[in-house]
Amino acid sequence: MSEKIYDVIIIGGGPAGLAAALYSGRARMDTLLIEKLTEGGQIVTTDELENYPGSIEHDTGPKLVERMVAQAAKFGTVTVKEKVTEVSLEGDIKVVTTANNVYKSKTIIIATGANPRPIGCPGEKRLTGLGVSYCATCDGAFFEDLDIYVVGGGDSAVEEALFLTRFGRKVTIIHRRDELRAAKYLQEKALNHEKIEFIWNATVAEIKGGDMVESMIIEDTQTGEKREIVANEEDGTFGIFVFVGLVPNSDLFAGVIDMEGGYIVTNDNMETNVKGVFAAGDIRVKTLRQVVTAAADGAIAAIMADRYISGH
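Owing to the predicted nature of the structure, the values given are computational and were not obtained by experimental measurement. (Residues numbered from 1 in each chain as written. Predicted model: local features only at pLDDT ≥ 70, side-chain atom pairs only at ≥ 80, totals over all residues. Heavy atoms only, no water.)

Here's the deal with the overall build of the protein
- Check the secondary structure of the protein and you find six helices and 19 strands.
- Relative to the globule expectation of 20 Å for 312 residues, the C-alpha radius of gyration of the protein, 21 Å, shows essentially globular dimensions.
- Among the 312 residues that make up the protein, the fraction classed as buried is 48%.
- Partitioning the intrachain contacts of the protein with sequence separation of at least 6 by distance along the chain shows that 60% fall at a separation of at least 24.
- Here the protein has roughly 15300 Å² of accessible surface; of this, 48% comes from carbon and sulfur atoms. (Helix = DSSP H or I, 4+ residues; strand = E, 2+ residues; numbered from the N terminus. Rg over C-alpha atoms; globule rule 2.2 N^0.38 Å. Buried < 20%, exposed > 50% of the residue type's maximum accessible area, 1.4 Å probe, protein only. Contact = heavy atoms within 4.5 Å. Areas by Shrake-Rupley, 256 points an atom, 1.4 Å probe, with all protein chains shown as cover.)

In structure tokens:
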């Protein structure tokens, strides 16, 4: 165990964690950011950032993340790529254990985000990566000139459906209701797009296939009637992209941090029920989960962590 005690340890390297790192670094706090995979979180799968203030034309998630990582490093943030396995948050000094090390800190900012929620139907897990995907930017090109189905009706589903029109010969949105939940401007784009079609009041009940997706069963949410959609004989397969919500990455903090539905409860200052522990971004109970709100959360959390340490 290292004897070094950081001012703040940030768990998670998405927009919330990176914004927190920038603000804590500028406040001359000794900052450690722990990210188990790649910085950026869900934003690295986003092709266009039309709703982020100041985004330049054709700005992408990976480009924004690259700039945020560079900013955090410029102000002294140390980043390690390790998976956190255990946390001890009681007392003045918090302890974060990873597979390789044990770190100590005066404060913790939880920015672990959330992952895409699966449909939960038979065949989905087995065929993930074989036609089922949760990332249009990652996998869209694999379905060049094929039929593509997008499951969901919120902002993410419609944004990704619009992106997927670059590849698929037709993109069909399957939604459990009879109207989209996405922002109005996105709805208008999708409803007027010549390559996008809709299957309303339907859910995916089963996904079938051997080495790849070959068909799926959809169920009418009003009548319960089921029907099978089979891949075009010449194609042999089609793509299914799932955007039906998020699952918070909060298991590490269960029983210690107050939560609602797996999301961490904070006040407006990003403070949790444990002194010296803050949460920011998609992991929080909040109305809007977007890059801009995650970044704002991270900034607030860092400033409040600084004030906690200084006793202000």
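Structure's up, so let's keep going.
Considering the environment of threonine 221
- Counting through the fold element by element, threonine 221 comes out in the loop between strand S13 (213–220) and strand S14 (226–230).
- Taking relative accessible area as the criterion, threonine 221 reaches 36% and is therefore assigned partly exposed.
- Along the chain, threonine 221 and arginine 177 lie 44 residues apart, while their C-alpha atoms are 7.9 Å from each other.
- Ignoring sequence-local partners within four residues, the contact set of threonine 221 consists of Arg176, Asn201, Ala202 and Thr203.

A short note on the sheet that holds strand S15 (residues 239–242)
- In spatial order, the strands read S8-S15-S9-S10-S11; together these five strands make up an open sheet with parallel pairing. The open sheet is flanked by strand S8 (132–133) and strand S11 (196–199), the only strands paired with a single partner.
- Relative to S15, S8 runs parallel, the two sharing two bridges. If you follow serine 133 over to S15, its bridge partner there is phenylalanine 241.
- Across the sheet, helix H4 (residues 155–164) touches strand S9 (147–151), strand S10 (170–174), S11 and S15, and the angle it forms with S9 is around 170°. (Pairing = 2+ DSSP bridges. Axes fitted to C-alpha atoms, helices over the stretch in contact; angles between N-to-C directions.)

Overview of the pairing of strand S12 (residues 202–209)
- In terms of strand pairing, S12 meets S13 through seven bridges, oriented antiparallel. By the bridge assignment, lysine 208 is partnered in S13 with serine 215.
- Connecting S12 to the next strand, S13, in antiparallel fashion are three residues.

Brief notes about the pattern of salt bridges
- By the definition in use, this model includes nine salt bridges.
- Between glutamate 197 and lysine 170 there is a salt bridge whose closest N-O contact spans 3.8 Å. Within this pair, whereas glutamate 197 is found in strand S11, its partner lysine 170 is found in strand S10, the two being separated by 27 residues in sequence.
- Glutamate 228 is the partner of lysine 208 in a salt bridge, and the nearest nitrogen-oxygen pair spans 3.9 Å. Of the two residues, lysine 208 sits in strand S12 while glutamate 228 sits in strand S14, which places them 20 residues apart along the sequence.
- Looking at lysine 208, the relative accessible area reads 32%, which means it is partly exposed. (Salt bridge = Lys/Arg side-chain N within 4 Å of Asp/Glu carboxyl O.)

A closer look at the packing of helix H1 (residues 15–26) against helix H2 (residues 61–74)
- At a minimum axis separation of 8 Å, H1 and H2 run at an interaxial angle of 30°. Classified by the angle their axes make, H1 and H2 are roughly parallel. The interaxial crossing formed by H1 with H2 has left-handed handedness. The residues of H2 that touch H1, namely those facing Pro15, Leu18, Ala19, Ala21 and Leu22, are Val65, Met68, Val69, Gln71 and Ala72.
- A per-class count over the contact of H1 with H2 returns nine nonpolar, one polar and no charged. (Parallel < 35°, antiparallel > 145°, perpendicular 65-115°, else oblique. Left-handed = near helix turned anticlockwise from the far one by under 90°. Nonpolar A, V, L, I, M, F, W, Y, C, P; charged D, E, K, R; others polar.)

Focus: H2
- The end-to-end C-alpha separation of H2 is 20 Å, in line with the 20 Å expected for 14 residues at 1.5 Å each.
- Of all the positions in H2, only Gly61, Leu64, Val65, Met68 and Ala72 are classed as buried. Looking straight down H2, one finds its buried side chains confined to an arc of 100°; they lie on one side. Residues of H2 that are exposed and point over 90 degrees away from its buried face: Glu66 and Lys74.
- Its buried side turned inward, H2 meets H1 and helix H6 (291–310). (Expected span 1.5 Å × (residues − 1). Arc of directions from axis to C-beta.)

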